[in-house]
Amino acid sequence: MRKKVTKAIFPVAGLGTRFLPATKSVPKEIMTLVDRPLIQYAIDEARAAGIKEFIFVTSRGKGALEDYFDHAPTLEQELRKKGKDQLLEVLKDTNMDSGAIAYIRQHKALGLGHAVWCARRLIGNEPFAVILPDDVIAAETPCLQQMVEAYSETGGNMVAAMEVPPEKASSYGVLDVQKENGQIVEVAGMVEKPPAGEAPSNLAVIGRYILSPNVLRSLNKMKTGAGGEIQLTDAIAQAIGGDEGVYGYRFRGQRFDCGSKSGFLQATVSFGLAREELRSDLLDYIRDVVQMDQAAE
Ligand code: G1P
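Everything quoted here is computed from the prediction, not taken from an experiment.

### Some words on the packing of helix α10 (residues 261-273) against helix α11 (residues 276-296)
Between α10 and α11, the shortest axis-to-axis distance is 8 Å and the interhelical angle comes to 130 degrees. Here α10 is positioned oblique relative to α11, judged by the angle of their axes. Contact residues: V269, G272 and L273 in α10; L278, R279, L282, L283 and I286 in α11.

### Notes on the nonpolar core
Membership of the largest hydrophobic core comes to 39 residues, with the highest contact counts inside it found for F10, I39, F54 and F56. Of all the elements, helix α7 (residues 143-154) adds the most residues to this core, at five residues. Residues within four places of I39 in sequence aside, it is in contact with F10, V12, E29, F56, L65, Y68, F69 and P133. Residues C118, V159, V185 and A235 belong to the second largest nonpolar core, which totals 32 residues.

### Structural notes on α10
Note on helix geometry: an α-helix contains 3.6 residues per turn, so any two residues three or four positions apart are oriented the same way. Over its 13 residues, α10 runs 18 Å from end to end, which matches the ideal 18 Å to within 8%, given 1.5 Å per residue. Listed as buried for α10 are G263, F264, A267, F271, G272 and L273.

### As for the site of the ligand
Contacts to the ligand come from 13 residues, most closely from D135, G173, E192, K193 and V205. D135 is positioned such that a nitrogen or oxygen atom in its side chain is 2.8 Å from an oxygen atom of the ligand. When the ligand is considered free in solution it has 380 Å² of accessible area, and contact with the protein chains removes 74% of it. Ranked by residues supplied to the shell around the ligand, first place goes to strand β11 (residues 203-211) with three residues. Here the shell around the ligand is composed, by residue class, of five nonpolar, four polar and four charged.

### A few points about the packing of aromatic side chains
The tally for this structure, following the rule as stated, stands at eight aromatic pairs. Between the aromatic rings of F10 and F54, the centroid separation amounts to 6.2 Å while the plane-to-plane angle is 20 degrees, which identifies the pairing as stacked. Pair noted here: F10 is in strand β1 (residues 7-11) and F54 is in strand β4 (residues 53-58), with a separation of 44 residues, a long-range link. For the residue pair F10 and F54, the accessibility class agrees, reading buried in each case. Relative to F69, the ring of Y68 has its centre 5.1 Å away and its plane inclined at 80 degrees; by these criteria the two rings are edge-to-face. Taken together, F10, F54, F56, Y68, F69 and Y103 form an aromatic cluster joined through their ring pairs.

### Quick notes on α7
Under the 1.5 Å per step criterion, the end-to-end length of α7 is 16 Å for 12 residues, consistent within 8% with the ideal 16 Å. All buried positions along α7 are accounted for by C143, L144, Q146, M147, A150, Y151 and T154. Angular distribution of buried residues about the axis of α7 spans 145 degrees; they occupy a single face of the element. With its phi angle positive at about 65 degrees, G155 sits one or two positions after the end of α7.

### Quick word on the side chain of T233
Looking at the element boundaries, T233 is found in helix α9 (residues 232-237). Polar side-chain contacts of T233 include one of 2.5 Å to the side chain of E192. Each residue touching T233, except ones within four places of it in the same chain, is listed here: G173, M190, V191 and E192.

### Section: the environment of W117
With respect to the helices, strands and loops of the structure, W117 is situated in helix α5 (residues 112-117). For W117, a relative accessible area of 22% gives the class partly exposed. For the pair W117 and T17, spaced 100 residues apart in sequence, the C-alpha separation works out to 23 Å.

### Focus: a nonpolar patch on the surface
A cluster of nonpolar side chains, namely Y285, V289 and M292, defines an oily patch on the protein surface of about 330 Å² accessible area. Position of M292 relative to the elements: it lies in helix α11.

### Considerations on the pattern of salt bridges
Scanning the model with the defined rule gives 17 salt bridges in all. Notably, a salt bridge pairs E126 with K7, separated by 3.5 Å at the nearest N-O pair. With E126 in the loop between α6 (120-123) and β6 (128-131) and K7 in strand β1, this pair connects stretches of sequence that are 119 residues apart. Given a relative accessible area of 22%, E126 falls into the partly exposed group. Under the relative-accessibility criterion, K7 is labelled buried at 8%. Put simply, K82 and E78 hold a salt bridge, and the shortest N to O gap is 3.9 Å. Its relative accessible area of 56% is what places K82 among the exposed residues.

Cut-offs and rules
Residues numbered from 1 in each chain as written. Predicted model: local features only at pLDDT ≥ 70, side-chain atom pairs only at ≥ 80, totals over all residues. Heavy atoms only, no water. Axes fitted to C-alpha atoms, helices over the stretch in contact; angles between N-to-C directions. Helix = DSSP H or I, 4+ residues; strand = E, 2+ residues; numbered from the N terminus. Parallel < 35°, antiparallel > 145°, perpendicular 65-115°, else oblique. Contact = heavy atoms within 4.5 Å. Core = buried A, V, L, I, M, F, W, Y, C linked by side-chain atoms within 4.5 Å. Buried < 20%, exposed > 50% of the residue type's maximum accessible area, 1.4 Å probe, protein only. Expected span 1.5 Å × (residues − 1). Near = heavy atom within 4 Å. Polar contact = N/O pair within 3.5 Å; in protein donor to acceptor, adjacent residues only side chain to side chain. Areas by Shrake-Rupley, 256 points an atom, 1.4 Å probe, with all protein chains shown as cover. Nonpolar A, V, L, I, M, F, W, Y, C, P; charged D, E, K, R; others polar. Phe/Tyr/Trp six-rings, centres within 6.5 Å; stacked < 30°, edge-to-face > 60°. Arc of directions from axis to C-beta. Patch = residues over 30% accessible without salt bridge, like charges linked within 9 Å, V, L, I, M, F, W, Y side chains within 5 Å. Salt bridge = Lys/Arg side-chain N within 4 Å of Asp/Glu carboxyl O.

As structure tokens, then:
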């Protein structure tokens, strides 16, 4: 029997400099798509995939993120008094069971691989998931849930994968494909941010992973890689050709790069349109803007 994946690491130590000045006082993960912070989307996806323990790798200045998951007794009391049951339900989603959530500090910004390694003692000897909250994925079946289902067949290590325009490949971890098997891709190599024109394919790693604890052992010995950082991609690549194997999973869904302003805005529009109560107003507005833009040309 394969061990169930019940723990997930959320690397949230980044400074979010692309969103300055907002991120001067608001952690990037608390920035909202419509009315829910980025981190809430990641947590919901993890829960849907059966995750029970949530490990946040944080850094200085992330206090608002920790507070977000606390109960808010005064607010709840006030809402109860006013009979606002629906809002109380909305708040419920943000509460975590005591002991289900842990915060670990990454004391130095040494890269994604290092951030994941910081959580090694909480993971122990189990397979675990990693979710990068910047990558928001809209999907009928949440992406990590799709992967957990595929992983129950493959075991080993699995990364979410998506085709990107070839000229964008150098912004990602990129897979060298050995064999395609429907949505599952057997991986022959993996390279983090390959120089332009040197990517082995245009199949990019997206921020969802299911990993064997052996990856943490590889990270123990890790040297710096692309960009002078300790790369998770390099540690996963060590498992290629070994007993466990590495698989890419072509997920079904639409991914938004909420680490970029443009991606964040696109996600805002898309999630706004997906909300019944907002859709018609927002569509009217978008049509007006497009018309004005065309008239001005
Ligand atoms: C990280 C990973 C990279 C992956 C990307 C997906 O890079 O290192 O392999 O393709 O996330 O969003 P980052 O975007 O943090 O530079």
